[in-house]
Amino acid sequence: MAIRFRSLFLISLVVLCACPALAQESSVIEPQPERREINEANIDTENFEFGLVAGVISIEDFSTSAIVGARFAFHINEDFFVEAAYEQATAGQTSFELLSGGAPLLTEDERNYRYYNLGLGYNLNGETFVTDSLVINSAAYFIIGAGSTEFGGDERFTVSLGAGYRVLLTDYFSLRVELKDHLFNSELIGDEKTTHNIQYGLGATFFF
């Protein structure tokens with residue numbers, strides 16, 4: 001009888017010890033988060049970039065004209081890049097020419113506006129969320145450059161300041177929009193002065 005009582009006591013003790021552990025185990029809920037597939041374009045492993053740009057430029061004192069050009073860049077790292085650019089436009093008439101109806105101030109050849117420079121750029125890399133599952137790499141960038149402008153039958157040293165925004169649609173193709181100011185001295189209208197020639201452009205570039 002004593003042995004049976006002792007056995008029942010041991011069995012009860014084991015059950016009591018196991019019940020809290022079972023209760024604790026049953027109360028734990030394992031989270032099952034829903035994972036999303038992210039489609040993200042990255043710049044290809046190559047560091048060279050070639051592109052075309054088109055836009056408008058406001059040539060100071062000579063109205064606004066269409067401008068086209070080409071760019072070639074080398075990305076030193078994720079932050080810095082160097083860029084060579086060539087652009088051309090045809091200047092319009094001055095206000096004096098339009099109002100006076102007299103002889104034109106410049107010949108047709110002298111109205112050709114050609115600009116080339118070499119610049120250093122800095123990227124502020126980021127991401128653009130198009131949808132919950134589509135993320136596009138993007139970057140705001142700033143660039144400063146120096147070069148030459150051929151206009152009005154003369155060639156002028158030019159400083160260029162610009163800023164833009166680029167989005168990578170694939171790992172090798174991007175679109176960008178930018179604003180630039182080309183500064184050079186000119187005396188075509190009166191005394192010599194520093195002219196500001198504001199350019200707005202859209203570009204498409206390829207990495208290779």
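Keep in mind the model is a prediction, meaning the values are calculated, not measured. (Residues numbered from 1 in each chain as written. Predicted model: local features only at pLDDT ≥ 70, side-chain atom pairs only at ≥ 80, totals over all residues. Heavy atoms only, no water.)

Draft legend 1. Broad picture of the overall build of the protein chain. From N to C terminus, the protein chain includes two helices and nine strands. Overall, the protein chain shows an N-to-C arrangement of helices and strands of α-β-β-β-β-α-β-β-β-β-β. Buried residues in the protein chain amount to 33% of all 208 residues. Accessible surface, the protein chain: about 13,100 Å² in total, of which carbon and sulfur atoms supply 63%. (Helix = DSSP H or I, 4+ residues; strand = E, 2+ residues; numbered from the N terminus. Buried < 20%, exposed > 50% of the residue type's maximum accessible area, 1.4 Å probe, protein only. Areas by Shrake-Rupley, 256 points an atom, 1.4 Å probe, with all protein chains shown as cover.)

Draft legend 2. Spatial organisation of the environment of Phe151. Positionally, Phe151 belongs in strand β6 (residues 134-151). Owing to a relative accessible area of 6%, Phe151 belongs among the buried residues under this scheme. C-alpha of Phe151 to C-alpha of Asn112: the two residues are 39 residues apart in sequence and 6.1 Å apart in space. If we ignore the near neighbours within four places in the chain, the residues touching Phe151 are Ile59, Phe62, Ala91, Leu106, Glu110, Arg111, Asn112, Tyr113 and Leu188. (Contact = heavy atoms within 4.5 Å.)

Draft legend 3. Layout of the packing of aromatic side chains. The full count for this structure, using the stated rule, is nine aromatic pairs. Their ring planes at 25 degrees and their centres at 6.0 Å tell us that Phe48 and Phe72 sit as a pair that is stacked. With Phe48 in strand β2 (residues 48-58) and Phe72 in strand β3 (residues 64-75), the pair connects residues that are 24 residues apart, well separated along the chain. In this structure an aromatic cluster arises from ring pairing among Phe48, Phe72, Phe74 and Phe208. (Phe/Tyr/Trp six-rings, centres within 6.5 Å; stacked < 30°, edge-to-face > 60°.)

Draft legend 4. Expanded view of the pairing of β6. Inspection of the sheet shows strand β5 (residues 112-129) paired to β6 by 16 bridges, in the antiparallel sense. In the strand pairing of β6, Thr128 is matched with Ile136. Between β5 and β6, which follow one another and run antiparallel, lie four residues. In this structure, β6 lies alongside strand β7 (residues 154-168), joined through 14 bridges in antiparallel fashion. Its bridge partner lying in β7, Gly145 is registered against Ser160. (Pairing = 2+ DSSP bridges.)

Draft legend 5. Geometry of the side chain of Ser174. Checked against the element boundaries, Ser174 lands in strand β8 (residues 173-186). A distance of 2.4 Å separates polar atoms of two side chains, one belonging to Ser174 and the other to Thr205. (Polar contact = N/O pair within 3.5 Å; in protein donor to acceptor, adjacent residues only side chain to side chain.)

Draft legend 6. Layout of the nonpolar core. Counting 11 residues, the largest nonpolar core is built from Ile57, Ile59, Phe62, Ile67, Ala89, Ala91, Leu106, Tyr113, Tyr115, Phe151 and Phe184. Setting aside anything within four residues of it in sequence, one finds Ile59 in contact with Ala91, Tyr113, Phe151 and Asn197. (Core = buried A, V, L, I, M, F, W, Y, C linked by side-chain atoms within 4.5 Å.)

Draft legend 7. The environment of Ser174, seen in detail. Look at Ser174 and you get buried, because its relative accessible area is 0%. For Ser174, the residues in contact, after removing those within four places along its chain, are Glu49, Arg166, Val167, Leu168, Leu169, Gly203, Ala204, Thr205 and Phe207.

Draft legend 8. Focus on the pairing of β3. Residues Ser65, Ile67, Gly69, Arg71, Ala73 and His75 of β3 are buried on one face, while the alternating residues Thr64, Ala66, Val68, Ala70, Phe72 and Phe74, pointing to the opposite face, are not. Bridge analysis of β2 against β3 gives 11 bridges, and the strand direction is antiparallel. Following the sheet pairing, Phe48 is matched in β3 by Phe74. Where β2 folds back onto β3 in an antiparallel hairpin, the turn is made up of five residues, including Asp61, whose phi is positive at roughly 75 degrees. Bridge count between β3 and strand β4 (residues 80-90): nine bridges; the pairing is antiparallel. Residue Ala70 lies in a different strand from β4, and its bridge partner there is Tyr86.

Draft legend 9. Structural detail: the pattern of salt bridges. Tallying each qualifying case throughout the model produces 11 salt bridges. Ionic pairing is found between Glu192 and Arg156, a salt bridge with its closest N-O pair at 3.8 Å. Here Glu192, found in the loop between β8 and β9 (193-207), pairs with Arg156, found in strand β7; they are 36 residues apart in sequence, far enough to count as distant. Salt bridges linked by common partners bring Arg71, Glu83, Glu87, Arg176, Glu178 and Lys180 together as one network. (Salt bridge = Lys/Arg side-chain N within 4 Å of Asp/Glu carboxyl O.)

Draft legend 10. Here's a closer look at the environment of Lys180. The topology assignment puts Lys180 in strand β8. Look at Lys180 and you get buried, because its relative accessible area is 4%. Between the alpha carbons of Lys180 and Ile143 there is a distance of 8.8 Å; along the sequence they are 37 residues apart. The residues contacting Lys180, other than those within four sequence positions of it, are Arg71, Glu83, Ile143, Ser160, Leu161, Gly162, Asn197, Ile198 and Gln199.

Purely spatial values, then, with no claim about function.
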